[in-house]
Amino acid sequence: MGRILIVDDTLFMRTLLKNILFAGGHDIVGEAGDGDEAIAKYQELKPDLVTMDIVMPKMNGIEALKGIRAHDPNAKVIMCTAVGQEQMVKLAIKTGAKGYIVKPFQAPKVLEEIKNVIGT
Amino acid sequence: MTEVPVKVEKDGAWVVAKVDIGKEGLAFGPPIDLEVKYKSIIDLDERKNVLFITVKGEREIVLRVASVEKVLLVLKKMITMSCSAYRLMAYFMSPAVRGGVMITSAIWEKGAIAVLKSGIWFVSQEKQVCVPLQEVTGIEMTTREVQAKKVEVVKIDHMEGSEVVTSFVLCPLSTLQILFNFLKDATKHMEMGEGQVVDPQAAQVGMLVYSGMDSLAIEKMLQITHKDLEGIYERLLKIGLIEVMFIRREVQLTPKGVRYITDAVKPPGQ
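Residues numbered from 1 in each chain as written. Chains lettered and ligands numbered in written order. Predicted model: local features only at pLDDT ≥ 70, side-chain atom pairs only at ≥ 80, totals over all residues.

**Examining the pairing of strand β11 (residues 119-124) of chain B**
Residue and element names in this part refer to chain B.
- Burial within β11 is extensive, with five of its six residues counted as buried.
- Note that strand β10 (residues 109-115) and β11 share five bridges and pair antiparallel. In the sheet register, Val 115 faces β11, and the bridge partner there is Ile 120.
- The hairpin turn running from β10 into β11, its antiparallel successor, is three residues long.
- Examined bridge by bridge, β11 and strand β12 (residues 128-132) share five bridges and lie antiparallel to one another. Across the sheet, residue Phe 122 finds its bridge partner in β12, namely Val 129. (Buried ≥ 20, exposed ≤ 12 C-beta atoms within 10 Å, placed from the backbone. Helix = DSSP H or I, 4+ residues; strand = E, 2+ residues; numbered from the N terminus. Pairing = 2+ DSSP bridges.)

Shown next as structure tokens:
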């Protein structure tokens, strides 16, 4: 089971993911509401995995992914996108994201994806 | 002709028979003794490794056929490619998203789409995917980038067991529009009616149910009471957005129960 940092600008989505991951036996080490905070928390908490929303205020998820990977090239980040953001997904692939979750999502599949990514 | 063993339902029981898979149709040997031309097949459905083949004749019959996966694959391919259906050549990607997780290995497959009475089939050299119309949860015309070009595709969301699966279909625009209109029409009953409004909190509840949260988790997450949640469920039930799976009981101990538990935890001999 992994130590996970959840990054999303909405409290609702953070709480939802937190519930799903906690029920799946993961340890939620921190939460961030924007890209800047995500990079700072990553450096501070050194989680096994980050779930990263793409559309966020201040710094978006792609920029935050770049920032995290500049600090740790082996960082495992799963991007969280809304339907219709396939362009962003392509960009995230190039930037080094390890997985992609499309909102709305179902708990068992999210846990499966996280298990796959943490295991790599 | 290829002869393969299958099980066919006859008078409520499964019987073993052989079927010749020919170019024009299927010939079931004894004890079924039936010839079925592909052109007379008007519907095909698959549920848990059983094919439901609807044959038009003097009276419509539904043949239930079970076999090993390899045989079913051949049967499905022959039937979907030759039966009485609207067919179009297309590229499809199915599944592209499963339960909200993007399938990174998903690829565009060249094949055909057969539109039958109860569902549509994606058929390629390697696989046949059935999307029953009653399992379709959403249809949308959208754009995807294919080989560095933005193209129009039809996005189909459908249920596969308890999972929500997204598939994409790509074909010439005029055909795509026909497919989109057909699916839109076939799933019209799922659209929200006039005056069917979902308030923001009920929408949040819906989202949590989608994600697999149970009632207790929903109450905790949204910090609402059991009574509040019951009210929201009632509203969602009324407009057909949810259905009751089962009713879980919350209980408390009776005085007899309290006495039993108190006694049960006493050390032996006391």
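Moving on from the model shown.
**So, the nonpolar core**
- Of all hydrophobic cores here, the largest spans 82 residues; its most connected members are Val 50 and Met 52 of chain A together with Val 169 of chain B.
- The biggest single contributor to this core is strand β8 (residues 86-98) of chain B, with five residues.
- What Met 52 of chain A contacts, discounting residues up to four positions off in sequence, is Val 7, Ala 38, Gly 61, Ala 64, Leu 65, Val 77, Ile 78, Met 79 and Cys 80 of chain A. (Core = buried A, V, L, I, M, F, W, Y, C linked by C-beta atoms within 7 Å. Contact = placed C-beta atoms within 7 Å.)

**Re the pairing of strand β13 (residues 136-146) of chain B**
Residues and elements named next belong to chain B.
- In this sheet, strand β14 (residues 149-160) lies alongside β13 in antiparallel orientation, the contact comprising 10 bridges. Following the sheet pairing, Met 141 is matched in β14 by Val 154.
- Between the antiparallel neighbours β13 and β14 lie two residues, among them Gln 147 with a positive phi of about 45°.

**Describing the interface of chain A and chain B**
- Taken together, the contacts link 22 residues of chain A with 20 residues of chain B.
- Secondary structure elements with two or more residues in the side of chain A that touches chain B: α1 (11-23), α4 (86-95), β5 (99-103) and α5 (107-119) of chain A.
- Residue composition of the side of chain A that touches chain B, grouped by class: 12 nonpolar, five polar and five charged. (Nonpolar A, V, L, I, M, F, W, Y, C, P; charged D, E, K, R; others polar.)

**Considerations on the packing of helix α2 (residues 35-45) of chain A against helix α3 (residues 61-71) of chain A**
Residues and elements named next belong to chain A.
- One way to put it is that α2 packs onto α3 with a least axis distance of 8 Å and a crossing angle of 25°. Compared by their axis directions, α2 and α3 come out roughly parallel. Relative to α3, the crossing made by α2 is right-handed. Of the residues in α3, those touching α2 at Gly 35, Ala 38, Ile 39, Tyr 42 and Gln 43 are Gly 61, Glu 63, Ala 64, Gly 67, Ile 68 and His 71.
- Of the residues belonging to the contact of α2 with α3, the class tally is five nonpolar, five polar and one charged. (Axes fitted to C-alpha atoms, helices over the stretch in contact; angles between N-to-C directions. Parallel < 35°, antiparallel > 145°, perpendicular 65-115°, else oblique. Left-handed = near helix turned anticlockwise from the far one by under 90°.)

**Notes on the confidence of the model for chain B**
- Averaged over all residues, the pLDDT of chain B is 90; the fraction at 70 or higher stands at 99%.
- In the predicted complex, the global pTM is 0.76; the interface-specific ipTM is 0.80. (pLDDT = per-residue confidence, 0-100.)

**Comments concerning the sheet that holds strand β3 (residues 25-28) of chain B**
All names here are of chain B.
- The seven strands are arranged β4-β3-β2-β1-β7-β6-β5 in an open sheet whose pairing can be described as antiparallel. Of all strands in the sheet, those with a lone pairing partner are β4 (34-37) and β5 (41-47), marking the two edges. Mean inter-strand twist for the sheet, computed between neighbouring axes without regard to direction, equals 30°.
- Taken together, the nine bridges between strand β1 (residues 2-10) and strand β2 (residues 13-21) define a ladder with antiparallel strand orientation. The residue of β2 that forms the bridge with Val 6 is Ala 17.
- Helix α1 (residues 69-82) contacts β1, β2, β5, β6 (50-55) and β7 (61-66) of the sheet and is inclined by roughly 25° relative to β6.

**Thoughts on unusual backbone geometry**
- Here the bond from Pro 30 of chain B into Pro 31 of chain B is cis, since omega is 5°, no more than 30 degrees from zero.
- With respect to the helices and strands, the residue Pro 31 of chain B is situated in the loop between β3 and β4.
- Note that the residue after Ser 94 of chain B, namely Pro 95 of chain B, is joined by a cis bond; omega there is -5°.
- Within the fold, Pro 95 of chain B resides in strand β8.
- A positive phi angle is found at Lys 58 of chain A, which is not glycine, with a value near 60°.
- Summarising the element assignment, Lys 58 of chain A is placed in the loop between β3 (49-53) and α3.
- Located in the positive-phi region is Asn 49 of chain B, a residue other than glycine, with phi close to 65°.
- Structurally, Asn 49 of chain B can be placed in the loop between β5 and β6.

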